[in-house]
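# Architecture at a glance
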Amino acid sequence: MYSERVMDHFMNPRNMGEIPDADGVGEVGNPACGDIMRITLRIEENRIVDAKFKTFGCAAAIASSSMATELIKGKTLEEAWAVTNKAVAGALEGLPPQKLHCSVLAEEGIHQAIDDYRARHRTPTANGG
(Lines give C-alpha, C1' and ligand atoms only; values in the text may rest on other atoms or scores of the structure.)
Protein backbone atom coordinates (compact mmCIF):
# COMPACT_ATOMS: atom_id res chain seq x y z
CA MET A 1 0.00 0.00 0.00
CA TYR A 2 2.78 2.45 0.92
CA SER A 3 6.09 3.03 -0.86
CA GLU A 4 9.38 2.22 0.85
CA ARG A 5 10.05 5.95 1.20
CA VAL A 6 6.72 6.54 2.97
CA MET A 7 7.48 3.69 5.36
CA ASP A 8 11.00 5.03 5.97
CA HIS A 9 9.69 8.51 6.88
CA PHE A 10 6.98 6.93 9.04
CA MET A 11 9.33 4.58 10.90
CA ASN A 12 12.25 7.07 11.04
CA PRO A 13 10.67 10.54 10.91
CA ARG A 14 12.99 13.47 10.30
CA ASN A 15 12.66 16.73 12.23
CA MET A 16 10.10 15.47 14.72
CA GLY A 17 9.49 17.76 17.67
CA GLU A 18 8.87 21.43 18.19
CA ILE A 19 11.10 24.49 17.98
CA PRO A 20 10.94 26.49 21.23
CA ASP A 21 10.06 30.14 20.55
CA ALA A 22 9.45 29.34 16.87
CA ASP A 23 9.38 32.22 14.40
CA GLY A 24 6.38 30.70 12.61
CA VAL A 25 3.79 28.10 13.63
CA GLY A 26 1.25 26.38 11.42
CA GLU A 27 -1.39 24.02 12.75
CA VAL A 28 -3.83 22.28 10.44
CA GLY A 29 -6.22 19.40 10.75
CA ASN A 30 -8.65 17.31 8.80
CA PRO A 31 -11.81 16.61 10.82
CA ALA A 32 -12.86 13.83 8.42
CA CYS A 33 -9.82 11.66 9.17
CA GLY A 34 -8.64 13.11 12.49
CA ASP A 35 -5.11 14.03 11.35
CA ILE A 36 -3.59 17.06 13.10
CA MET A 37 -0.29 18.55 12.00
CA ARG A 38 1.80 21.27 13.64
CA ILE A 39 4.83 22.72 11.86
CA THR A 40 7.24 25.12 13.57
CA LEU A 41 9.90 27.17 11.78
CA ARG A 42 13.11 29.00 12.66
CA ILE A 43 13.72 31.73 10.09
CA GLU A 44 16.82 33.84 9.60
CA GLU A 45 17.23 36.43 6.85
CA ASN A 46 14.18 35.16 4.92
CA ARG A 47 15.47 31.56 4.97
CA ILE A 48 14.12 28.55 6.88
CA VAL A 49 17.07 27.37 8.94
CA ASP A 50 15.09 24.77 10.89
CA ALA A 51 11.70 23.10 10.63
CA LYS A 52 10.07 20.60 12.96
CA PHE A 53 6.71 18.89 13.17
CA LYS A 54 4.35 17.16 15.54
CA THR A 55 1.64 15.09 13.89
CA PHE A 56 -1.20 13.04 15.26
CA GLY A 57 -2.36 10.78 12.47
CA CYS A 58 -1.76 7.87 10.17
CA ALA A 59 1.49 6.72 8.56
CA ALA A 60 0.87 8.92 5.50
CA ALA A 61 0.32 12.02 7.67
CA ILE A 62 3.52 11.45 9.63
CA ALA A 63 5.53 10.69 6.48
CA SER A 64 4.11 13.78 4.73
CA SER A 65 5.05 15.98 7.70
CA SER A 66 8.55 14.52 7.82
CA MET A 67 9.11 14.95 4.08
CA ALA A 68 7.65 18.47 4.04
CA THR A 69 10.09 19.65 6.70
CA GLU A 70 12.97 18.06 4.76
CA LEU A 71 11.87 19.82 1.56
CA ILE A 72 11.66 23.31 3.09
CA LYS A 73 14.78 23.39 5.27
CA GLY A 74 17.32 25.77 3.77
CA LYS A 75 14.82 27.35 1.38
CA THR A 76 13.77 30.98 1.25
CA LEU A 77 10.20 31.69 2.35
CA GLU A 78 9.18 32.10 -1.29
CA GLU A 79 10.75 28.77 -2.28
CA ALA A 80 9.14 27.02 0.69
CA TRP A 81 5.74 28.53 -0.15
CA ALA A 82 6.03 26.99 -3.63
CA VAL A 83 6.38 23.44 -2.23
CA THR A 84 3.10 21.81 -3.21
CA ASN A 85 1.29 18.77 -1.94
CA LYS A 86 2.24 17.12 -5.25
CA ALA A 87 5.92 17.79 -4.50
CA VAL A 88 5.53 16.20 -1.05
CA ALA A 89 3.70 13.16 -2.46
CA GLY A 90 6.22 12.86 -5.30
CA ALA A 91 9.18 13.00 -2.92
CA LEU A 92 7.51 10.17 -0.98
CA GLU A 93 7.28 8.18 -4.24
CA GLY A 94 3.51 8.47 -4.19
CA LEU A 95 0.63 8.15 -1.77
CA PRO A 96 -2.52 6.08 -2.19
CA PRO A 97 -5.39 8.22 -3.56
CA GLN A 98 -7.29 8.03 -0.26
CA LYS A 99 -4.20 9.39 1.55
CA LEU A 100 -3.36 12.35 -0.73
CA HIS A 101 -5.12 14.67 1.74
CA CYS A 102 -2.14 14.12 4.07
CA SER A 103 0.20 15.83 1.60
CA VAL A 104 -2.37 18.63 1.27
CA LEU A 105 -2.23 19.10 5.06
CA ALA A 106 1.56 19.37 4.85
CA GLU A 107 1.32 22.11 2.20
CA GLU A 108 -1.31 23.95 4.25
CA GLY A 109 0.83 23.63 7.41
CA ILE A 110 3.81 25.18 5.62
CA HIS A 111 1.63 28.04 4.38
CA GLN A 112 0.17 28.68 7.82
CA ALA A 113 3.61 28.70 9.46
CA ILE A 114 4.95 31.16 6.87
CA ASP A 115 1.82 33.33 7.18
CA ASP A 116 2.22 33.28 10.97
CA TYR A 117 5.84 34.43 10.65
CA ARG A 118 4.86 37.19 8.23
CA ALA A 119 2.02 38.38 10.46
CA ARG A 120 4.39 38.61 13.41
CA HIS A 121 7.02 40.46 11.37
CA ARG A 122 4.63 42.36 9.09
CA THR A 123 6.18 41.13 5.87
CA PRO A 124 4.26 40.69 2.59
CA THR A 125 2.65 37.34 1.90
CA ALA A 126 3.93 35.12 -0.91
CA ASN A 127 0.74 35.70 -2.89
CA GLY A 128 1.21 39.47 -2.80
CA GLY A 129 -1.24 40.23 0.02
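The following paragraphs examine the structure supplied in this document. (Residues numbered from 1 in each chain as written. Predicted model: local features only at pLDDT ≥ 70, side-chain atom pairs only at ≥ 80, totals over all residues. Heavy atoms only, no water.)

Where helix α2 (residues 59-72) meets helix α5 (residues 100-121), the axes come as close as 8 Å, and the angle between the chain directions of the two elements is 40 degrees. With respect to each other, α2 and α5 are oriented oblique. Note on packing geometry: the crossing formed by α2 with α5 is right-handed. Contacts between α2 and α5 involve A60, A61, S64, A68 and I72 from the first element and C102, S103, A106 and I110 from the second. Here the residues of the contact of α2 with α5 are counted per class, giving seven nonpolar, two polar and no charged. (Axes fitted to C-alpha atoms, helices over the stretch in contact; angles between N-to-C directions. Helix = DSSP H or I, 4+ residues; strand = E, 2+ residues; numbered from the N terminus. Parallel < 35°, antiparallel > 145°, perpendicular 65-115°, else oblique. Left-handed = near helix turned anticlockwise from the far one by under 90°. Contact = heavy atoms within 4.5 Å. Nonpolar A, V, L, I, M, F, W, Y, C, P; charged D, E, K, R; others polar.)

With that settled, consider the sheet that holds strand β3 (residues 47-56). Read across the open sheet, the three strands follow the order β1-β2-β3; overall the sheet is antiparallel. Bordering the open sheet on either side are β1 (24-30) and β3, each of which pairs with just one other strand. Recorded for the sheet is a direction-independent mean angle of 15 degrees between the axes of neighbouring strands. Pairing analysis gives seven bridges linking β1 to strand β2 (residues 35-44), with the strands arranged antiparallel. If you follow G24 over to β2, its bridge partner there is L41. Sheet strands in contact with α2 are β2 and β3, and its direction is about 175 degrees off that of β3. The strands touched by α5 within the sheet are β1 and β2, with β1 carrying the most contacts at an inclination of about 145 degrees. (Pairing = 2+ DSSP bridges.)

This next bit is on the environment of A68. Tracing the backbone through its elements, the reader meets A68 in helix α2. With a relative accessible area of 0%, A68 lands in the buried category. It is 9.2 Å that separates the C-alpha atoms of A68 and T84, two residues lying 16 residues apart in sequence. In contact with A68, not counting residues within four places along its chain, are V88, A106 and I110. (Buried < 20%, exposed > 50% of the residue type's maximum accessible area, 1.4 Å probe, protein only.)

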